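If you want the building blocks of each chain, they are given just below.
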Amino acid sequence: MTQERRLTETELTDMLRRAGVRPSVHRIAILKEIANGGRHPSADEIFSNLAERYPSMSRTTVYNSLHALTASALVRELEIESGCMRYDLAPQPAHSHFRCTRCGRILDMPLPPSLAETVAPGYTVDSVELTFRGVCPHCKEKETETLTH
């Protein structure tokens, strides 16, 4: 999520209701994991992160909930790595992603406002998926420290 503010369970519940999705305990927990986690998790990561707190949650529940959240446009699927779907909160300003090739972290990156102006007239943009790949500042700093010692 590009914003720093974390969404409360009440705000997430309201989002679900406005989107026409029944706000179950599991759906709220899954949406919270995506919205506030800042990691663009995969379905397996969501399950692993929540399984201990919600022992009745199954992988099927996670996949079904992700399908409902995606269909309602609350969450969008990202294929940053081939064959691995990751999830991001949909109702937020357009942004790109940066995947560190060393540590694997996926970070939100702002898009310049003029990018939308590059689309040919007459086209309507529903979403933008732009992923940069490289070395994040944290890994670059560790790499520099290793070379200097």
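Please refer to the structure placed before this passage.
Here's what I pulled together on the structure shown here. (Residues numbered from 1 in each chain as written. Predicted model: local features only at pLDDT ≥ 70, side-chain atom pairs only at ≥ 80, totals over all residues. Heavy atoms only, no water.)

Details of the sheet that holds strand E5 (residues 131-134)
Then, in step 1: Reading across the sheet, the 3 strands line up as E4-E3-E5 and stay open at both edges, with mixed pairing between neighbours. Edge strands, defined here as strands with exactly one partner in the open sheet, are strand E4 (106-110) and E5. Mean inter-strand twist for the sheet, computed between neighbouring axes without regard to direction, equals 30°.
Then, in step 2: Of the pairings in the sheet, the one linking strand E3 (residues 95-100) to E4 comprises 5 bridges and is antiparallel in character. Pairing of His95 across the sheet is with Pro110, part of E4. (Pairing = 2+ DSSP bridges. Helix = DSSP H or I, 4+ residues; strand = E, 2+ residues; numbered from the N terminus. Axes fitted to C-alpha atoms, helices over the stretch in contact; angles between N-to-C directions.)

A short note on helix H4 (residues 59-71)
Then, in step 1: Taking 1.5 Å of rise per residue, the 13 residues of H4 would be expected to cover 18 Å, and the 18 Å separating its terminal C-alpha atoms lies within 8% of that figure.
Then, in step 2: Along H4, the residues classified as buried are Val62, Ser65, Leu66, Ala68 and Leu69. Mapping the buried residues of H4 onto a view down its axis gives an arc of 165°, with all of them on the same face. Those residues of H4 that are exposed and aimed more than 90 degrees away from the buried face are Thr60, Asn64, His67 and Ala71. (Expected span 1.5 Å × (residues − 1). Buried < 20%, exposed > 50% of the residue type's maximum accessible area, 1.4 Å probe, protein only. Arc of directions from axis to C-beta.)

As for a nonpolar patch on the surface
Then, in step 1: Judged by side-chain polarity, Met109, Leu130 and Phe132 come together as a nonpolar surface patch covering roughly 240 Å² of accessible area.
Then, in step 2: Locating Phe132 in the fold gives a position in strand E5.
Then, in step 3: Using a relative accessible area of 42% as the deciding quantity, one classes Phe132 as partly exposed. (Patch = residues over 30% accessible without salt bridge, like charges linked within 9 Å, V, L, I, M, F, W, Y side chains within 5 Å. Areas by Shrake-Rupley, 256 points an atom, 1.4 Å probe, with all protein chains shown as cover. Salt bridge = Lys/Arg side-chain N within 4 Å of Asp/Glu carboxyl O.)

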